[in-house]
Amino acid sequence: MVVTAELLADRMKFHFGPGPMILVVGGTVLLVAASRLIVMRYLVRVDADGVTISWGLGRGRTYSWQEISWIDASEIQGRGTTTRVARIHTTDGRRHWLSTLVTSGFNPLEDFDGDFRRVVGRWKHSTSASRRVRPEKQFRDRITPTKFAVVGTVVFAVVLFVVTVVL
């Protein structure tokens, strides 16, 4: 859709010439292809050693079961559906989403609850109860995508207003 809009803009009123349009359309295609490649190569693996998270380049990072202080399922409201995603909390305070354990109305995972229970069961089997500590709620836990969008829109409007007034 973006490439089509760029080509239509070139033909309608913003004729930039073939050189710049090839760069714009080529750049867009390159960005889309690169983002799809990264998403397709993103990997989360759960095994006896722990949870391995790879971003598509290299072997990734394995968090042993002893490095994981809590596992929960986060719920995200948006676009008329609820998305549930499993996430791990590490002992150093970081959290990571398990991209292979996600379910929503648009893309349902048939046995999300069963798979989530198996991951939690393996974690509990590999750690002592004293090492399982639920993290406290942080500011970012209260920010929903809707709140983020509203704040982002207001900030964008203010910046646009300031730029318009200054220029």
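Our structure is the block above this text.
Residues numbered from 1 in each chain as written. Predicted model: local features only at pLDDT ≥ 70, side-chain atom pairs only at ≥ 80, totals over all residues. Heavy atoms only, no water.

(A) Local environment of the overall build of the protein chain. Scanning the protein chain from N- to C-terminus turns up four helices and six strands. Going from the N terminus to the C terminus, the protein chain shows its helices and strands as α-α-β-β-β-β-β-β-α-α. Out of the 167 residues in the protein chain, the part that is buried amounts to 26%. In the protein chain, of all internal contacts separated by at least 6 residues, the share reaching a separation of at least 24 is 35%. (Helix = DSSP H or I, 4+ residues; strand = E, 2+ residues; numbered from the N terminus. Buried < 20%, exposed > 50% of the residue type's maximum accessible area, 1.4 Å probe, protein only. Contact = heavy atoms within 4.5 Å.)

(B) Spatial organisation of the side chain of T127. For T127, the location among the structural elements is in the loop between helix 3 (112-126) and helix 4 (145-166). For T127, a relative accessible area of 9% corresponds to the buried category. For T127, the side chain forms a polar contact with the main-chain oxygen of W123, separated by 2.9 Å. Every residue in contact with T127, bar those within four places of it in the chain, is listed here: W65, Q66 and R132. (Polar contact = N/O pair within 3.5 Å; in protein donor to acceptor, adjacent residues only side chain to side chain.)

(C) Representation of a nonpolar patch on the surface. Taken together, V150, V154, V158, F161, V162, V165 and V166 make up a surface patch of nonpolar side chains, about 680 Å² in accessible area. Relative to the helices and strands, V154 resides in helix 4. (Patch = residues over 30% accessible without salt bridge, like charges linked within 9 Å, V, L, I, M, F, W, Y side chains within 5 Å. Areas by Shrake-Rupley, 256 points an atom, 1.4 Å probe, with all protein chains shown as cover. Salt bridge = Lys/Arg side-chain N within 4 Å of Asp/Glu carboxyl O.)

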